[in-house]
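Structural characterization, general
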Amino acid sequence: MERSCKDVQGGRESDRCHESTPLLAAWWTYLSFAILMMFGYLRDFIRRIGLETKHSALEQNRMKDFVPLYSSFDGFYAKNIFKRLSHCYGRPICSPPTAEVDVLERTSYDENCHFRLTGKKRRCINLASFNYLDFVGNEGPCVEATAHALQQYGVGVCSTRQELGNCSIHEELEKTTARFLGVDDAVTFGMGFCTNSLNIPVLVGGKGCLLLSDEKNHASIVLGARLSGSVIKVFKHNDIDDLEEKLRGAITSGRPRTHWPWRKILIIVEGIYSMEGSIVKLLDVVRLKNKYGAYLYLDEAHSMGALGRTGRGVTEYWGVGPRDVDIMMGTFTKSFGAFGGYIAGSKRLINHLRAYSYSTTYACSMSAPVAQQIISSMKIIMGEDGTNTGKLRIMRLATNVRYFRQRLRAMGFIVYGDDNSAVVPLLVFVPGKAQAIMEELFERNIACVAGIFPATSITTGRIRIFISAAHTREMLDTVLSSISEVGDRLQLKYSL
Ligand SMILES: Cc1ncc(COP(=O)(O)O)c(C=O)c1O
Ligand SMILES: *[C@@H]1O[C@H](CO)[C@@H](O)[C@H](O)[C@H]1NC(C)=O
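Residues numbered from 1 in each chain as written. Chains lettered and ligands numbered in written order. Predicted model: local features only at pLDDT ≥ 70, side-chain atom pairs only at ≥ 80, totals over all residues. Heavy atoms only, no water.

1. Observations concerning the side chain of Thr 176
The condition is simple: Helix numbering and strand numbering both begin at the N terminus, where a helix is a DSSP run of H or I of at least 4 residues and a strand a DSSP run of E of at least 2. Exposed residues in this analysis have more than 50% of their type's maximum accessible area, buried residues have under 20%, and partly exposed residues fall in between, with area computed by a 1.4 Å probe over protein chains only. By the convention used here, residues are in contact when the closest approach between their heavy atoms is within 4.5 Å.
If you trace the backbone, Thr 176 turns up in helix α6 (residues 168–181). The class of Thr 176 is buried, set by a relative accessible area of 2%. When neighbours within four sequence positions are excluded, Thr 176 is seen to be in contact with Ile 375, Met 378, Lys 379 and Met 382.

Structure representation (structure tokens):
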């Protein structure tokens, strides 16, 4: 009898905490959006009949010779809804995004069309960077090694791997990555987003291939899936029964019209979902892929380094062998504090990607200092630097995550996701409250960012907090008491 995720967790469902939206909150949310939309249409109408202010008339005139950047709804949304809270987004920072970050203050004189810096900066506790293992920063052994690589190689490589851009540091990076993950080989790319969007089309393609994609998969996966030209079916988030039903349906009825069998079926999931904080039920997904003869693509952008006893991600967390996953993908932009992405797996897979991927053949290879940052941080996590600081970082992160999540739940907030996930979505539902909580926390020197519709469904607006090993207990306590205070004022403690 094979183990399932439920057995491992002693019968508890890992997604038990995706509580449903309270009815009243849902009501307010729909009402808020309805009012915002109504005023949006009214403002658009006024703009159309030429009653707009002199300033926006000038703006419109300047833009009229350009191709419209957004579809009509995107443009409507950006102009009339997002702009109202855009001062909480894209705030300029002027220090490394460690546990604390310096944020430049700014004001707007034209309702968020333009901003002016006030010249003041504010040191904030940072809840918004993916700095899980505290490898972001401007000092320490990684920075020293990186500075050395910078002196040796310079910043840019100015050629592709296949032309004159194949440095020994790239070889070292790929060998270290494969060793870290416990697989045969790995290939690395200069950008995480492109690792998905440009490599999925090299793995599947054409109408004979079927992609089964989780509904909460990242935009880079969605783009890659669409570029591949395969048939795409979306299954409910982390829902094993729905996945099995879709797999069974695909096997029994085959391709549309001809009913020929599928050439290839690829299941794409993430380790930790970045908007939900949920951990993929990997044991069950692996069981299904074996049962139905499908392939599995696992994106570990947010789980690699941040999950598992030795930071080896979601496979270690569930006790699945890394070789049971056909395609291991991840990025270096989170736990490793660097840039870029990897795909790892069998020699055959990696050789195929090396030869055919657009991002190895047509894109410049990774900057050497960036490669060095990844190598150094990875070696620290593996303990190959001769210290136990890697282990300590992993332990600190795990302790911080459990403490922070438990305290939030105890206060009565609705928090999505698994108790062990460093991505902590705190549900605020109503868009106005999302803006208010960002502003109130910023006033209290805490930087965090909300995700609302269309990044989430209409009724599940949230702030997304990223816990780091760099956060001290005092910082977390400060944050918790501020959130509690603001939560009382904004009536956010929905599960009390
Ligand atoms: C699951 C997932 N995959 C891929 C990416 C893209 O990676 P990058 O930001 O490193 O380009 C992200 C980014 O947040 C992500 O969350
Ligand atoms: C880069 O160099 C290494 C070591 O010399 C070699 O094994 C590898 O095949 C080269 N890569 C490419 C893409 O040519």
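2. A word on the site of ligand 2
Stated formally: Residues are counted as near a molecule or strand when any one of their heavy atoms sits within 4 Å of it. With residues, only the protein chains shown are counted as cover, and all accessible areas are computed by Shrake-Rupley using a 1.4 Å probe.
Taken together, Arg 161, Asn 166 and Glu 171 make up the full set of residues adjacent to ligand 2. About the coverage of ligand 2: the protein hides 39% of its 360 Å² of free accessible area.

3. Digging into the site of ligand 1
Where we set the bar: Here a polar contact is taken to be a pair of N or O atoms separated by no more than 3.5 Å, where protein atoms must pair a possible hydrogen donor with a possible acceptor and residues adjacent in sequence count only if both atoms sit in side chains. Under the convention adopted here, Pro, Cys and the residues Ala, Val, Leu, Ile, Met, Phe, Trp and Tyr are nonpolar, Asp, Glu, Lys and Arg are charged, and Gly plus all remaining residues are polar.
Residues in contact with ligand 1 amount to 13 residues; listed here are only the nearest, Phe 193, Asp 299, His 302, Thr 333 and Lys 334. Here an oxygen atom of ligand 1 and a backbone polar atom of Gly 192 are 3.4 Å apart. At 2.7 Å, a backbone N or O of Phe 193 approaches an oxygen atom of ligand 1. When residues in the shell around ligand 1 are grouped by element, the largest group, three residues, is from helix α7 (residues 192–203). Of the residues belonging to the shell around ligand 1, the class tally is two nonpolar, eight polar and three charged.

4. A few points about the pairing of strand β2 (residues 116–126)
In plain terms, the rule: Here, any two strands with at least 2 DSSP bridges between them count as paired.
Taken together, the seven bridges between strand β1 (residues 100–107) and β2 define a ladder with antiparallel strand orientation. From the neighbouring strand, Asp 102 faces β2, where its bridge partner is Arg 123. Relative to strand β11 (residues 446–447), β2 runs parallel, the two sharing two bridges. Paired with Ile 125 across the strands is Ile 446, a residue of β11.

5. Some words on the domain arrangement of the protein chain
Heads up, the condition is: The split into domains, and so the bounds of each, comes from an automatic or database assignment of domains. Two parts lose some accessible area (1.4 Å probe) when they are put together, and adding that loss for both gives the buried area.
Assigned domains within the protein chain: domain 1 (23–86), domain 2 (88–135 + 389–490) and domain 3 (141–382). The gap between the C-alpha centroids of domain 1 and domain 2 is 27 Å. Contact residues are listed per partner, giving 16 residues for domain 1 and 19 residues for domain 2. Both faces combined, the contact of domain 1 with domain 2 buries some 1,600 Å², and carbon together with sulfur accounts for 70% of it. Area buried by domain 1 at its contact with domain 2 is led by Phe 33, Leu 85 and Ser 86, which between them contribute 35% of it.

6. Remarks on the UniProt feature "transmembrane region" (unreviewed entry) in the protein chain
To keep things clear, this is the line we draw: UniProt positions are given in the numbering used here, feature names are shortened, and annotations may be inferred rather than shown by experiment.
With numbering matched to this structure, UniProt assigns "transmembrane region" (unreviewed entry) to residues 24–42. Along residues 24–42 the backbone is 100% helical and 0% strand, and the end-to-end C-alpha distance reaches 27 Å.

7. Thoughts on the UniProt feature "domain: Aminotransferase class I/classII large" (unreviewed entry) in the protein chain
Those residues carrying the UniProt feature "domain: Aminotransferase class I/classII large" (unreviewed entry) are residues 123–483 in this numbering. Regarding residues 123–483, the helix share stands at 43% and the strand share at 17%, and the terminal C-alpha atoms are separated by 17 Å.

8. A look at helix α2 (residues 23–48)
Filter applied, for reference: To estimate how far a helix should reach, multiply one less than its number of residues by 1.5 Å.
Taking 1.5 Å per residue as the helical rise, α2 with its 26 residues ought to reach 38 Å, and the 37 Å between its terminal C-alpha atoms agrees with that figure. Of all the residues in α2, the buried ones are Ala 25, Ala 26, Thr 29, Ser 32, Phe 33, Leu 36, Gly 40, Asp 44 and Arg 47. In the segment just after α2, Gly 50 is the residue with positive phi, at about 85 degrees.

9. Re the packing of aromatic side chains
Selection rule: By convention, a stacked pair of Phe, Tyr or Trp rings (six-membered ring in the case of Trp) has centres within 6.5 Å and planes under 30 degrees apart, an edge-to-face pair has planes over 60 apart, and any other such pair is tilted. Working rule: Lys NZ or Arg CZ, within 6 Å of ring centre, within 35 degrees of ring normal, means a charge sits over the ring.
One pass over the structure, following the stated rule, counts 14 aromatic pairs. With 5.8 Å between their ring centres and 80 degrees between their planes, Phe 33 and Phe 453 make a pair best called edge-to-face. Note that Phe 33 is positioned in helix α2 and Phe 453 in the loop between β12 (449–451) and β13 (461–466), a separation of 420 residues in sequence. Judged by relative accessible area, Phe 33 falls into the buried class, the value being 7%. Among the aromatic residues, those joined into a ring-pair cluster are Phe 33, Tyr 41, Phe 73, Phe 76, Tyr 77 and Phe 453. The ring of Phe 442 has Arg 122 sitting right over it, with the charged end atom 5.0 Å from the ring centre. Between Lys 334 and the ring centre of Phe 130, over which it is positioned, the NZ or CZ distance is 5.0 Å.

10. A few points about unusual backbone geometry
With an omega of 10 degrees, the peptide bond running from Phe 453 to Pro 454 counts as cis. Phi is positive for Phe 429, which is not a glycine, with a value near 65 degrees. When you line up the elements, Phe 429 lands in strand β10 (residues 423–429). Phe 429 sits in the buried class, given a relative accessible area of 1%. Non-glycine residue Asn 445 carries a positive phi angle of around 65 degrees. Structurally, the position occupied by Asn 445 is in the loop between α16 (431–443) and β11.

11. Brief notes about helix α17 (residues 473–490)
With 18 residues, α17 should reach 26 Å at 1.5 Å per residue; the first-to-last C-alpha distance of 25 Å fits that figure. Where α17 is concerned, the buried positions are Met 475, Leu 476, Val 479, Leu 480, Ser 482, Ile 483, Ser 484, Val 486, Gly 487 and Leu 490. Immediately beyond the C-terminal end of α17, within one or two residues, lies Gln 491, with a positive phi of roughly 55 degrees.

12. Comments concerning the sheet that holds strand β3 (residues 185–189)
Applied cut-off: Lines fitted to C-alpha atoms define the axes, with helix axes restricted to the stretch in contact, and inter-axis angles between N-to-C directions lie between 0 and 180 degrees.
Pairing in this open sheet of seven strands is mixed, and the strands run β3-β9-β8-β7-β6-β4-β5 from one edge to the other. A strand with exactly one partner marks an edge of an open sheet, and here the two such strands are β3 and β5 (231–235). Taking the axes of each pair of neighbouring strands and ignoring which way they run, one obtains an average angle of 20 degrees across the sheet. Note that strand β6 (residues 264–270) and strand β7 (residues 295–299) share five bridges and pair parallel. Along β7, the bridge assignment pairs Glu 270 with Asp 299. Taken strand by strand, helix α10 (residues 282–292) contacts β6 and β7, and its axis lies near 155 degrees from that of β7.

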